[in-house]
Amino acid sequence: MAIKNVIFDIGNVMTVFAWEQHFKNHGITGETFEKVKRATVGNPVWNEIDRGVLSLEEIIRKMSAIEPSVASEIREIMTDMRGMVTPEDFAIPWVQELKARGLNVYYLSNFSEQARKDCADALEFTKYTDGGVFSYLEKLIKPDKAIYQLLLDRYDLVAEESVFLDDTEKNLKPAQELGIHTIHVLHHEQAVEELEALLNQ
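Calculation notes
Residues numbered from 1 in each chain as written. Predicted model: local features only at pLDDT ≥ 70, side-chain atom pairs only at ≥ 80, totals over all residues. Heavy atoms only, no water. Helix = DSSP H or I, 4+ residues; strand = E, 2+ residues; numbered from the N terminus. Buried < 20%, exposed > 50% of the residue type's maximum accessible area, 1.4 Å probe, protein only. Pairing = 2+ DSSP bridges. Axes fitted to C-alpha atoms, helices over the stretch in contact; angles between N-to-C directions. Contact = heavy atoms within 4.5 Å. Phe/Tyr/Trp six-rings, centres within 6.5 Å; stacked < 30°, edge-to-face > 60°.

## Here we look at unusual backbone geometry
With an omega of 10 degrees, the peptide bond running from K142 to P143 counts as cis. Of note, P143 is situated in the loop between α8 (135-138) and α9 (145-154). The residue N12 is not glycine, and still its phi comes out positive at about 65 degrees. Residue N12 is classed as partly exposed on the basis of its relative accessible area, which comes to 36%. Positive phi, close to 55 degrees, is recorded for D156, a residue that is not glycine. Assignment of secondary structure puts D156 in the loop between α9 and β6 (162-166). Classification of D156 by relative accessible area gives exposed; the value is 69%.

Set out below in structure tokens:
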């Protein structure tokens, strides 16, 4: 069955998830860096900001309870996410090129309301797509199979006619179980090559 729909994850697929640089931009280095990392991106509570159920204030409190000595730094990087997700030059041309070939293009991403607001420049490519799903709006996050099914249902997509590209391997299995083709993105050139091979089958 020919591929008609290309579904992109966002972070490290169509943008750069530059959390390390974001910390450094706020002067967070050394031992403080490790503590902030442990309480934020290195902790399961990080997923909750993308789920969109808890308020940002509730999430900051939970993170600060993990590493109380860096509570002020946690608040700083969580309330100002500018620079945490940065644009990739190839994103818009890639979408446009796929669209010109008659393909439908969508996004499916674990993403928070704060990041969407503060990193809007990195999401410019989404304006050129046919639509998509941000986790925080749906109160669902990958790898919950329900978020993949939601995308299929919302846009009336046939799973076997679709391919999903994600940089996190565990996020691919639920898509595969639904019948969606998948590509594990290691870097852009590899993703393009594998996508082209699939489209040309």
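## Description of the sheet that holds β6
Taken in spatial order, the five strands of this open sheet run β5-β4-β1-β6-β7, and their pairing is parallel. Whereas interior strands pair on both sides, the edge strands pair on one side only; in this sheet they are β5 (132-134) and β7 (181-184). Averaged over all adjacent pairs, the angle separating strand axes in this sheet is 20 degrees, with direction ignored. In this sheet, β6 lies alongside strand β1 (residues 5-8) in parallel orientation, the contact comprising four bridges. Note that in β6 the partner of I7 across the bridge is F164. Across the sheet, α9 lies against β1, β4 (104-109), β5 and β6, angled at about 145 degrees from β5, the strand it touches most.

## Regarding the side chain of T15
With respect to the helices and strands, the residue T15 is situated in strand β2 (residues 15-17). Setting aside anything within four residues of it in sequence, one finds T15 in contact with I10, V85, T86, E88, A122 and F125.

## Some words on the packing of aromatic side chains
Aromatic ring pairs are reported here in terms of the distance separating the ring centres and the angle at which the planes meet. Counted according to the given criterion, the structure contains 11 aromatic pairs. Arranged with centres 6.3 Å apart and planes meeting at 35 degrees, the rings of F17 and W46 form a pair that is tilted. Of the two residues, F17 sits in strand β2 while W46 sits in helix α3 (residues 46-51), which places them 29 residues apart along the sequence. Owing to a relative accessible area of 28%, F17 belongs among the partly exposed residues under this scheme. We classify W46 as buried; its relative accessible area is 11%. Aromatic pair W19 and F23: ring centres 5.3 Å apart, planes at 70 degrees, arrangement edge-to-face. Of this pair, W19 and F23 both sit in helix α1 (residues 19-25), four residues apart, which is roughly one turn of that helix. Residue W19 is classed as buried on the basis of its relative accessible area of 14%. Residue F23 is classed as buried on the basis of its relative accessible area of 0%. Chaining the aromatic ring pairs together yields one cluster made of Y107, F111, F134 and Y136.

Without other data, these values stay purely geometric and don't point to any function.
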